[in-house]
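For reference, the chains in residue letters:
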2 protein chains.
Amino acid sequence: MTHLLLALDFGGTKHTAAIAGLGEHQWRSQQRALSPPGADADYDMKTMRSLTWDLLGEERPAAIGVSFGGPVDATTGTVRLSPHVPGWENVPLRRMLEAEFGAPASVDNDANVAALGEHRFGAGRGYDSLLYVTVSTGVGGGWILHGQPWRGAGGMAGEIGHTVVDPDGPVCVCGKRGCVERLAAGPGIAQRAREWLEAQPDRGRVLRALVRHDLEAVTAQMVSQAAAQGDELAWEALEVAAWALGAGIGNAANLVNPQRFVLGGGVTKAGERFWAVIRRVAHETALPEAHFDVVPAALGDDAPLWGAVVLVEECLPSK
Amino acid sequence: MTHLLLALDFGGTKHTAAIAGLGEHQWRSQQRALSPPGADADYDMKTMRSLTWDLLGEERPAAIGVSFGGPVDATTGTVRLSPHVPGWENVPLRRMLEAEFGAPASVDNDANVAALGEHRFGAGRGYDSLLYVTVSTGVGGGWILHGQPWRGAGGMAGEIGHTVVDPDGPVCVCGKRGCVERLAAGPGIAQRAREWLEAQPDRGRVLRALVRHDLEAVTAQMVSQAAAQGDELAWEALEVAAWALGAGIGNAANLVNPQRFVLGGGVTKAGERFWAVIRRVAHETALPEAHFDVVPAALGDDAPLWGAVVLVEECLPSK
């Protein structure tokens, strides 16, 4: 009988449960639920429990792998907090899931888990070292070194989003100026475009039309769409994000010299012109002897789930 | 009979050979020679051969560990180049030493080797992860991760000196602006002080007196000395260096989350005020959850030699 693996992805706004057989590369089935605004940790747990029992029916998992959208102590499987959802402070998620489903569980944060997924099944297959970077409402990252996750001394490694690339830049949520996240994540792009639209009334026609002149409605996706339609203000707002990502990646290449950078998340869907700037700046920032490439993630939203499968395999009794 | 280990340190301006018994923590003997200006690779090799034969007398080493002051392909033991001495391009140093002394040799660059030395015998003892940073005429670095050297995919890891901390800063030898090395290494400190002395004729009295008003004679060591004697211009020139080191270290803490940063090299002898700025800026730049400390190297100029001993042990037949 095949071992059944349960993969759970606690996202900020979306929860997914999926099952696969050990060694299989396709899901047997998947259940997904959106989280309403105002949800808390209890609500998230109830949602995930209900999704999972629906999915399992009469079956039982041999092991559970979990991706969580926030900092996690992977050694104990304890969630430290969620940046989006209240009530997740110091929740012993691994222990709760093991008690509920009667199987060993392993929990890590989404960037580390997605790095595992891309390494085993996606754009990082066959690479000994890589940094996975996700660029959406925040900028997170996860390392693979020597073919294994490198989580850092306290599980904090991979925080490329809070490396400073412009000490004179705008203030980030973390309090510093010019972090990669402040310049390159979706909210930062939207805010920059909004400020420029306010300050430069003659520019940004396409973007203004897209939001029907309601500047509060500007999102990074709209900036990206307007840029694709030739709006130069929108493109310049995006270009700053690409520059910041390139600078952060180039610095990481000098410091750690991985073979590859894998970039995922909504913001990275901004098109070839955006990617060209990232790559140019990354290679200008890195020493010429530090060879690497920068490629799109292959698994999209499924990267954390597939990474959870890799985590799962680590906690199977046979290992 | 104890295995005799030969440790060689090819510095930019100084060569050292030393022997120790396997498992011993003291040198049995050491030989040292300064390299004159205008020396080339042939001269360096002749010097080191002669030092070594003097040292060995009738004895033969069981293995040879080598620290080289420049980029090295550690897998083949081939020197890529020396930033200081011509003729070192693609020299198969390991093969040459093995042929000459009839023992297995292992070669790596000085920052990686010094990191090994500090990890095993110095300020990094007992630490699972650290970055060793040397700040003298350049800024180099070497990682220990999982208790082992992390050299990167192409042996280029640890180049904290060429991470950019100020994109509007002065131009570095590598062509970029605002690298840690340009701002924090000795020549960068001296150049900054010199420029300020020229531009601000009413300041820098102590430093001017130290160099007898010959601005070309300003060195980082004099800047440091003048700062210690209360010269505020000199202190501000040093402070920029401490800021750059702190910013680079904070970024590295966010990216890799090691337990400790060990700093060596002449510039780091600039006193407690200098260290306080490094530590403050490093902790301000790092996320509060990324815990680490920043401490002085313990082995001084001997770090590469002791690291060479660690390299040596790796290539002993018994391993």
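Residues numbered from 1 in each chain as written. Chains lettered and ligands numbered in written order. Predicted model: local features only at pLDDT ≥ 70, side-chain atom pairs only at ≥ 80, totals over all residues.

Undergrad: Lay out the domain arrangement of chain A with the relevant residues and their values.
TA: All names here are of chain A. When cut into domains, chain A gives domain 1 (4–116 + 301–314) and domain 2 (126–297). Placing the centre of domain 1 and that of domain 2 at their C-alpha centroids yields a distance of 27 Å. The interface of domain 1 with domain 2 comprises 10 residues on the first partner and 13 residues on the second. Only β5 (72–73) and α3 (110–121) provide two or more residues apiece to the side of domain 1 that touches domain 2. Looking at the side of domain 1 that touches domain 2 element by element, the count peaks at 6 residues for α3. Across the side of domain 1 that touches domain 2, the residue classes break down as 7 nonpolar, 1 polar and 2 charged. (Domains from an automatic or database assignment. Contact = placed C-beta atoms within 7 Å. Helix = DSSP H or I, 4+ residues; strand = E, 2+ residues; numbered from the N terminus. Nonpolar A, V, L, I, M, F, W, Y, C, P; charged D, E, K, R; others polar.)

Undergrad: I'd like a description of helix α7 (residues 220–228) of chain A, backed by residues and values.
TA: Think of an α-helix as 3.6 residues a turn; residues three or four steps apart then line up on the same face. All names here are of chain A. Among the residues of α7, Ala220, Val223, Ser224, Ala226 and Ala227 are the ones counted as buried. What you see down the axis of α7 is that its buried residues fit within an arc of 165°, all on one side. Contacts made by the buried residues of α7 are with α5 (186–199), α6 (205–210) and α8 (232–256). Just downstream of α7, Gly230 is the residue with a positive phi angle, here 95°. (Buried ≥ 20, exposed ≤ 12 C-beta atoms within 10 Å, placed from the backbone. Arc of directions from axis to C-beta.)

Undergrad: Tell me about the relation of the copies chain A and chain B, residues and numbers included.
TA: The transformation that overlays chain A on chain B combines an axial shift of 0.0 Å with a rotation of 180°, and the residual RMSD is 0.0 Å. Between the two chains, the operation in question is that of a two-fold axis. When the interface residues of chain A are mapped onto chain B, 100% of them again fall at the interface, so both copies present the same face. (Least-squares fit on C-alpha atoms with pLDDT ≥ 70 in both.)

Undergrad: For the pairing of strand β9 (residues 139–145) of chain B, give the residues involved together with the corresponding values.
TA: All names here are of chain B. Among the 7 residues of β9, 7 are classified as buried, and the element is accordingly described as predominantly covered. Side chains Val139, Gly141, Trp143 and Leu145 of β9 all project onto a buried face; the interleaved residues Gly140, Gly142 and Ile144 project onto the opposite face, where all are buried too. A loop of 3 residues connects strand β8 (residues 130–135) with β9, the two strands running antiparallel in sequence. The sheet contact formed by β9 and strand β10 (residues 148–150) spans 3 bridges and is antiparallel. (Pairing = 2+ DSSP bridges.)

Undergrad: Please give an account of unusual backbone geometry that cites residues and values.
TA: The phi angle at A:Arg212 is positive, at roughly 50°, despite the residue not being glycine. Position of A:Arg212 among the secondary structure elements: in the loop between α6 and α7. Overall, A:Arg212 belongs to the exposed group, with 7 C-beta atoms counted inside 10 Å. The backbone of B:Asn90 sits at a positive phi, close to 55°, despite the residue not being glycine. Relative to the elements of secondary structure, B:Asn90 occurs in the loop between β6 (78–79) and α2 (93–101). Given 9 C-beta atoms within 10 Å, B:Asn90 falls into the exposed group.

Undergrad: Pulling in residues and values, what's your account of the sheet that holds β10(B)?
TA: Sheets are built from strands that pair by backbone hydrogen bonding, the pairs being arranged parallel or antiparallel. Residue and element names in this part refer to chain B. Here 5 strands make up an open sheet; going across it, the order is β10-β9-β8-β11-β12 and the pairing mixed. Strand pairing shows two members of the sheet lacking a second neighbour, β10 and β12 (293–296), which therefore form its edges. Here the average twist between neighbouring strands, direction ignored, is 30°. Bridge count between β8 and strand β11 (residues 260–264): 5 bridges; the pairing is parallel. (Axes fitted to C-alpha atoms, helices over the stretch in contact; angles between N-to-C directions.)

Undergrad: So, the sheet that holds strand β3 (residues 29–34) of chain B: which residues are in play, and what are the values?
TA: Residue and element names in this part refer to chain B. Strand order in this open sheet of 5 strands is β3-β2-β1-β4-β7, and the pairing throughout is mixed. A strand with exactly one partner marks an edge of an open sheet, and here the two such strands are β3 and β7 (105–109). Strand-to-strand twist in this sheet, taken as the mean axis angle between neighbours without regard to direction, amounts to 15°. Examined bridge by bridge, strand β1 (residues 4–10) and strand β2 (residues 14–21) share 7 bridges and lie antiparallel to one another. Following the sheet pairing, Leu5 is matched in β2 by Ala20. Contacts between helix α1 (residues 41–56) and the sheet are confined to β1, β2 and β3, with β2 contributing the most and set at about 30° to the helix. Those strands touched by α2 are β1, β4 (63–68) and β7, and its axis lies near 145° from that of β7.

Undergrad: Explain the pairing of strand β2 (residues 14–21) of chain A to me, and be specific about the residues and the numbers.
TA: Residues and elements named next belong to chain A. Counting buried residues in β2 gives 6 out of 8 residues, a clear majority hidden from the surface. If you look at the hairpin formed by strand β1 (residues 4–10) and β2, you'll find 3 residues sitting between the two strands. Relative to strand β3 (residues 29–34), β2 runs antiparallel, the two sharing 6 bridges. Along β3, the bridge assignment pairs Ile19 with Ser29.

Undergrad: Lay out the confidence of the model for chain A with the relevant residues and their values.
TA: The predicted model of chain A has a mean per-residue pLDDT of 94, with 99% of residues at 70 or higher. Here the predicted complex carries an ipTM of 0.92, next to a pTM of 0.93. (pLDDT = per-residue confidence, 0-100.)

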